[in-house]
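# An overview of the molecular structure
One letter stands for each residue in the lines below.
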Amino acid sequence: MNVSTAPAALGIADSFVRVAPDGVADEFRTLVDALWDDGTADAGALAAVPSLVAALAEAGADRKGHLAVLLGLLAETEYPDLDGPLTTAVRAHLDTYLELLTGPGVGTPLTLALLYLLGHFPGDRDRILAAVSGLDVEAEDLSRLDRSLSTLDLDAPDLGRVWPSPSAWTLNEDERAFDQSWIKDLAPEQLVANWENDSRTVFGCTGARAYWAVCNGDPRNLPAAPVPERREVTAPVADATLFAPHLGALRCPACQGSLAAHDGVARCADCQARYPVAGGILDLTATAADTAGDGDAAADFLEKLSRVPSMGLFYEAVARPAFLRVSGSDWGGAVSPADEDRYIAEHVRPVEGPVLDLGAGAGRWTAVIADTVGAERLIALDAALPMLNVLRGRLPEVPSVLASAAELPFEDASLGAVVCWNALQAFYADAGSAIAEVSRVLRPGGSFTLMTFRRSDDPVYRYFQTAHRFPQHQGGLQLFDLDDLKGWLADAGLTIRAESGPGTFVFLTAVREH
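Residues numbered from 1 in each chain as written. Predicted model: local features only at pLDDT ≥ 70, side-chain atom pairs only at ≥ 80, totals over all residues. Heavy atoms only, no water.

All right, on to the pairing of strand β11 (residues 442-453) then. For β11, the tally of buried residues reaches 9 of 12 residues, placing the bulk of the element in the interior. Relative to β11, strand β10 (residues 415-421) runs parallel, the two sharing 6 bridges. Across the sheet, Cys420 pairs through a bridge with Leu450, a residue of β11. In this view, the connection linking β10 to its parallel neighbour β11 by way of helix α18 (residues 431-441) has right-handed handedness. (Buried < 20%, exposed > 50% of the residue type's maximum accessible area, 1.4 Å probe, protein only. Helix = DSSP H or I, 4+ residues; strand = E, 2+ residues; numbered from the N terminus. Pairing = 2+ DSSP bridges. Right-handed = clockwise from strand over helix to strand, strands pointing away.)

Our next topic: helix α15 (residues 337-347). Think of an α-helix as turning once every 3.6 residues; residues three or four places apart then point the same way. Inspection of α15 places Glu340, Tyr343 and Ile344 among the buried residues, and these make up the whole buried set. Burial along α15 is one-sided: seen end-on, the buried residues are contained in an arc of 95 degrees. (Arc of directions from axis to C-beta.)

Look at helix α4 (residues 64-76) against helix α7 (residues 108-118): their axes get within 8 Å of each other, and the N-to-C directions meet at 15 degrees. It follows from the interaxial angle that α4 and α7 lie roughly parallel. For the element pair α4 and α7, the recorded crossing hand is left-handed. Mapping the contact onto sequence places Lys64, Gly65, Ala68, Val69, Leu71, Gly72, Leu73 and Glu76 in α4 and Leu110, Ala113, Leu114, Tyr116 and Leu117 in α7. Across the contact of α4 with α7, the residue classes tally to 9 nonpolar, 2 polar and 2 charged. (Axes fitted to C-alpha atoms, helices over the stretch in contact; angles between N-to-C directions. Parallel < 35°, antiparallel > 145°, perpendicular 65-115°, else oblique. Left-handed = near helix turned anticlockwise from the far one by under 90°. Contact = heavy atoms within 4.5 Å. Nonpolar A, V, L, I, M, F, W, Y, C, P; charged D, E, K, R; others polar.)

Applying the stated criterion to the full structure yields 23 salt bridges. For Arg440, the salt bridge is made with Glu437, and the minimal N-O distance between the two is 2.8 Å. Taken as a pair, Arg440 and Glu437 lie in helix α18 at a separation of 3 residues, close to a single helical turn. Each member of the pair Arg440 and Glu437 is classed as buried. (Salt bridge = Lys/Arg side-chain N within 4 Å of Asp/Glu carboxyl O.)

Alternating residues of strand β7 (residues 355-358) divide into Val355 and Asp357 and Leu356 and Leu358, and every residue in both groups is buried. As paired elements, β7 and β10 share 3 bridges and run parallel to each other. When the bridges of β10 are listed, Asp357 appears paired with Val419. Across 4 bridges, the pairing between β7 and strand β8 (residues 378-382) is parallel. Within the sheet, the bridge partner assigned to Leu356 lies in β8 and is Ile379. Each parallel crossover has a hand, and the one from β7 via helix α16 (residues 364-373) to β8 is right-handed.

Two packed helices can be described by the angle between their axes and the distance between those axes. Direction vectors running N to C along helix α2 (residues 24-35) and α4 enclose 20 degrees, while the axes themselves pass 11 Å from each other. Here α2 is positioned roughly parallel relative to α4, judged by the angle of their axes. Taken as a pair, α2 and α4 cross one another with a handedness that is right-handed. Taken together, the residues of α4 that come into contact with α2 (itself represented by Val24, Phe28, Leu31, Val32 and Leu35) are His66, Leu67, Leu70 and Leu74. Tallied by class, residues from the contact of α2 with α4 come to 8 nonpolar, 1 polar and no charged.

Summary statistics for the protein chain give a mean pLDDT of 90 and a share of 90% for residues scoring 70 or more. Confidence drops under a pLDDT of 50 for residues 1-5, and excluding neighbours within four residues, the segment shows 12 contacts in the predicted structure. (pLDDT = per-residue confidence, 0-100.)

Once that is clear, we can look at the sheet that holds strand β13 (residues 505-512). Here we have 11 strands laid out as an open sheet, ordered β3-β4-β5-β6-β9-β8-β7-β10-β11-β13-β12, and mixed in their pairing. The sheet is open, and its two edges are formed by β3 (259-262) and β12 (494-500), each paired on a single side. Here the average twist between neighbouring strands, direction ignored, is 20 degrees. This element, α16, spans β7, β8 and β10 of the sheet and lies at about 165 degrees to β7.

Overall, the coordinates contain 17 aromatic pairs when judged by the stated rule. Sitting above the plane of the Trp195 ring, Arg147 keeps its charged end 3.5 Å from the centroid. In this structure, Arg364 is placed above the aromatic ring of Trp365, and the distance from its NZ or CZ to the ring centre is 4.0 Å. (Phe/Tyr/Trp six-rings, centres within 6.5 Å; stacked < 30°, edge-to-face > 60°. Lys NZ or Arg CZ within 6 Å of the ring centre and 35° of its normal.)

Another aspect to go through is the state of the cysteines. Scanning the model with the defined rule gives 0 disulfides in all. Left without a disulfide partner, Cys215 is nearest to the cysteine sulfur of Cys205, which lies 16 Å away. A relative accessible area of 39% places Cys215 in the partly exposed class. For Cys268, which is in no disulfide, the shortest distance to another cysteine sulfur is to Cys255 and amounts to 3.4 Å. (Disulfide = S-S within 2.5 Å.)

Core analysis: the largest hydrophobic core is formed by 106 residues, its most contacted members being Leu31, Leu35, Leu52, Val69, Leu71, Tyr97 and Phe464. Sort the elements by how many residues they give to this core and helix α14 (residues 311-327) lands first, with 10 residues. Excluding residues that lie within four positions of it along the chain, Leu52 makes contacts with Ala13, Leu31, Leu35, Leu67, Leu70, Leu71 and Leu74. (Core = buried A, V, L, I, M, F, W, Y, C linked by side-chain atoms within 4.5 Å.)

Right, let's get into the side chain of Thr111. In this structure, Thr111 sits in helix α7. A polar atom in the side chain of Thr111 sits 2.9 Å from the backbone oxygen of Gly107. Look past the residues within four positions of Thr111 in its chain and what remains in contact with it is Leu101 and Val106. (Polar contact = N/O pair within 3.5 Å; in protein donor to acceptor, adjacent residues only side chain to side chain.)

Of the consecutive residues Tyr79 and Pro80, the connecting peptide bond is found in the cis state with omega at 15 degrees. Along the chain, Pro80 turns up in the loop between α4 and α5 (85-91). With an omega of -5 degrees, the peptide bond between Trp163 and Pro164 qualifies as cis. Structurally, the position occupied by Pro164 is in the loop between α9 (139-148) and α10 (173-183). For Gln272, which is not a glycine, the phi torsion comes out positive at approximately 65 degrees. Within the secondary structure layout, Gln272 lies in the loop between β4 (265-268) and β5 (274-278). Positive phi values are uncommon outside glycine, yet Ala413 reaches one of about 50 degrees. Mapped onto the fold, Ala413 is located in the loop between β9 (400-402) and β10. In this structure Ala413 comes out as partly exposed when scored by relative accessible area, which is 31%.

Right, dumping it as structure tokens:
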């Protein structure tokens, strides 16, 4: 659509206001499609703003929130420009938004939608925060609004720690020092890029929560989950004994030779590569220094473990539950931890051989797998040392491997089952390769059980999913198309035996038949 056809969008806005309740979703989709497409505004959007604001004032309570979200989306199309013509046009009606926000009977969905919209106007920060101060707003929502209305101070940049909300973070001295250590090394253009990525993440979470609420009703707030005290790895572990049951399956990532474990190091029988082992974690991402003795290698690795920030603890307690809500479109709590436990218990049925928890993270679901198959059969793998550090504290009987999912350090047909729970999206670019690797290492009849997420069918919610910038997804969170997942499984020779998932969850179990 162009400016000359803008009146068509104005008629759609009027139709949206007047449509019967059962037509709200379809009519809103029509309105969105006329003015906005995946973060880009149509040429007619600027002319449509006054009519959208008039519709916002006139609409019933069941659709005001939709219009507030759409106005926020239009303003966001110009970010990081805060004074573009479209943002200026939307911002010109600030009085209307604040009157709605502080009026009687506004309700949680509309409040959340207005907070998302207002977060795009940092020039009005003081006025907006003053209006919100008298409202009963959740701490997480208030802290996201505060961050959205902030501007970057290049002399004292405050970066990171915005997901799932700034209020979720309580930093100790070590963590503050860690933040400053990487922030001080950034060039000015890197500071700006990181700030803008943080802002887009905040917009994405605020928008996802608001849009789900206006479509479905009040979201269910997560219970408070304080981060446990940071655990240091200091005590030696009998690594040789711990890894002994799995040495027949493990192989050297450098030459694919067999490994022999000693306390402090694992050696390849073929190429003589040496890999550090400490605290029950085998690091296959780097070889031990040739000049160091085995004891020195273990000591170096233990020291490395002790310096890792407590991201693993934070992830388990706070970030993971919030990630499920955004990625799974699950702000209402349709999928509970008990549901996840039940699926694992019912579908993981290994044949003979070790069981791999691929992308084990901090170990919450590793414990469920251990209860299902027995801890003595289980080995955990992840590419993030902070996560394995936490897992080892939780499950000292389960050995862990630091390695890549794209090239699994296991022999062909050596494992009885593989579980990849809420992890496949973490290595999105390598997902097809990782699934092929899973098939390679599975024995005939072995199962592959996974939980991940698909892109939403709703273009607005899909945009909010993608807006999140995480370490593995600097360009925006990437989730799967279900057809792609099924295609990779089929190409790898894996046959799907079970498939389910509400919202945008994906639960799949596949078997290597031959």
